[in-house]
Amino acid sequence: MSLEKVSSNKAFDGELVKYKFKSSALGGLDANFNLFLPAKAAEGNKVPLLTYLAGLTCTEDNGAQKGHFLGPAAKEGIAILFPDTSPRGAGIEGETDSWDFGVGAGFYLNATHPKWAKHYNMLTHITTELPQVLEAAGLPIDFKRQSIFGHSMGGHGALTLYLNSVLQGTKQYRSVSAFAPISNPVNCPWGQKAFSGYLQGGIDEARDKYDATELIKKLGKEPVHVLVDYGTADNFYKNGQLLPENFLKAARDTGYDEVQVRVRAQEGYDHSYYFISTFGEDHIHFHANFLKA
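Definitions and cut-offs
Residues numbered from 1 in each chain as written. Predicted model: local features only at pLDDT ≥ 70, side-chain atom pairs only at ≥ 80, totals over all residues. Heavy atoms only, no water. Helix = DSSP H or I, 4+ residues; strand = E, 2+ residues; numbered from the N terminus. Rg over C-alpha atoms; globule rule 2.2 N^0.38 Å. Contact = heavy atoms within 4.5 Å. Areas by Shrake-Rupley, 256 points an atom, 1.4 Å probe, with all protein chains shown as cover. Pairing = 2+ DSSP bridges. Axes fitted to C-alpha atoms, helices over the stretch in contact; angles between N-to-C directions. Salt bridge = Lys/Arg side-chain N within 4 Å of Asp/Glu carboxyl O. Buried < 20%, exposed > 50% of the residue type's maximum accessible area, 1.4 Å probe, protein only. Core = buried A, V, L, I, M, F, W, Y, C linked by side-chain atoms within 4.5 Å. Disulfide = S-S within 2.5 Å.

Student: Describe in detail the overall build of the chain, supporting the description with residues and values.
Tutor: Helix and strand counts for the chain come out as 10 helices and 9 strands. Scaling as 2.2 N^0.38, a compact globule of 293 residues should have a C-alpha radius of gyration of about 19 Å, and the chain matches this with 18 Å. Overall, the chain is about 45 × 45 × 35 Å in size when its C-alpha atoms are taken along their principal axes. The contacts of the chain with a sequence gap of at least 6 include a subset with a gap of at least 24, amounting to 72%. Summed over its atoms, the accessible surface of the chain is roughly 11,600 Å², and 48% of this surface lies on carbon and sulfur atoms.

Student: Could you give me a rundown of the sheet that holds strand β1 (residues 4–11), with the residues and numbers involved?
Tutor: Strands sit in the order β1-β2-β3-β5-β4-β6-β7-β8-β9 across an open sheet of 9 strands; the sheet is mixed. Edge positions in the open sheet fall to β1 and β9 (261–266), since each of these has one partner strand only. Sheet twist, expressed as the average angle between the axes of neighbouring strands with direction ignored, equals 20 degrees. Here strand β7 (residues 176–179) runs beside strand β8 (residues 226–231); their pairing, made up of 4 bridges, is parallel. Note that in β8 the partner of V176 across the bridge is V226. Strands in contact with helix α4 (residues 153–167) are β4 (47–53), β6 (141–151), β7 and β8; relative to β6, the strand with the most contacts, it is inclined by about 135 degrees.

Student: Lay out the pattern of salt bridges in plain terms, naming residues and giving numbers.
Tutor: Taken as a whole, this structure holds 17 salt bridges when the rule is applied. As a salt-bridge pair, D30 and K22 come within 3.0 Å of each other at their nearest N and O atoms. Here D204 and R207 are joined by a salt bridge, their closest N and O atoms 3.8 Å apart. Pair noted here: D204 and R207 are both in helix α6 (residues 202–209), with a separation of 3 residues, about one helical turn. Since its relative accessible area comes to 31%, R207 is described here as partly exposed. Connected through shared salt-bridge partners, K18, E60 and D61 make up one network.

Student: Requested: an account of the nonpolar core, with residues and values cited.
Tutor: Counting 97 residues, the largest nonpolar core has L35, Y52, Y198 and F247 as its most contacted members. With near-sequence residues (within four places) excluded, Y198 lies in contact with F101, G102, A105, G106, F107, L109, A111, T112, H113, W116 and Y120.

Student: Residue-level account of the state of the cysteines, with values.
Tutor: Enumeration over the complete set of coordinates arrives at 0 disulfides. With no disulfide of its own, C188 has C58 as its nearest cysteine by sulfur position, at a separation of 17 Å. Note on C188: relative accessible area 0%, which makes it buried.

Here you go:
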């Protein structure tokens with residue numbers, strides 16, 4: 001699993017590097033990711049890691065190039081990992097037929113349907129494989145201090161990976177935030193399509209593992225740190241793909257207040273990176289509170 005450096009760019013006195021490696025989690029396919037290391041990162045000074053999960057049709061480049069994350073992360077001394085959104089090059093029949101399933105749409109789960117199970121294991125790729133690869137490469141990252149955030153499908157991924165880590169007691173991530181997340185995917189067309197395809201047990205299998213609204217109901221009084229922003233002019237919100245109110249209601253019914261679970265409706269904003277870049281700095285500062293504690 002040795003890393004190959006593909007490209008490097010100086011940014012905000014730090015470095016954004018694109019790496020490539022052969023991913024065992026993704027069935028031996030080449031996987032790309034971007035890693036931003038702030039200037040403060042050095043052999044004797046390991047920095048915390050924030051992972052950004054992008055949305056449907058995106059790659060490892062969208063968040064790095066358009067999210068307005070690097071400057072604020074440089075100031076806070078935080079590294080950001082930008083993984084891809086799916087395996088690429090598996091050659092599975094049908095994986096490029098639609099934009100919301102298959103390539104560019106891995107949904108941050110481990111597939112159990114035999115057709116997809118060899119390659120579509122983004123959950124393992126994100127939570128286990130990438131940290132192991134970075135650590136083996138000797139990069140100056142403190143893996144005891146991790147948080148996670150994401151957009152749309154990636155917001156779904158961030159919320160579910162975080163909540164599952166709390167439920168399982170691993171507490172891999174200290175905090176989570178999301179921009180326009182798919183918050184209740186078992187009840188929206190995007191999620192239903194993904195789960196019906198990737199999972200042997202379909203939507204019923206997904207309910208226990210891959211739905212933030214269902215997961216937060218199980219937590220009880222376990223402390224959490226959650227921030228969600230969505231735009232009121234987001235057409236996907238209007239069309240019932242995001243369902244943030246369902247997540248908020250489940251959180252409040254479970255006993256979480258505004259401090260622990262904050263869901264903000266941002267007036268007039270849409271689903272684009274113009275929205276994300278507007279609130280990107282705010283999200284970095286939110287995570288810094290916990291990563292630097």
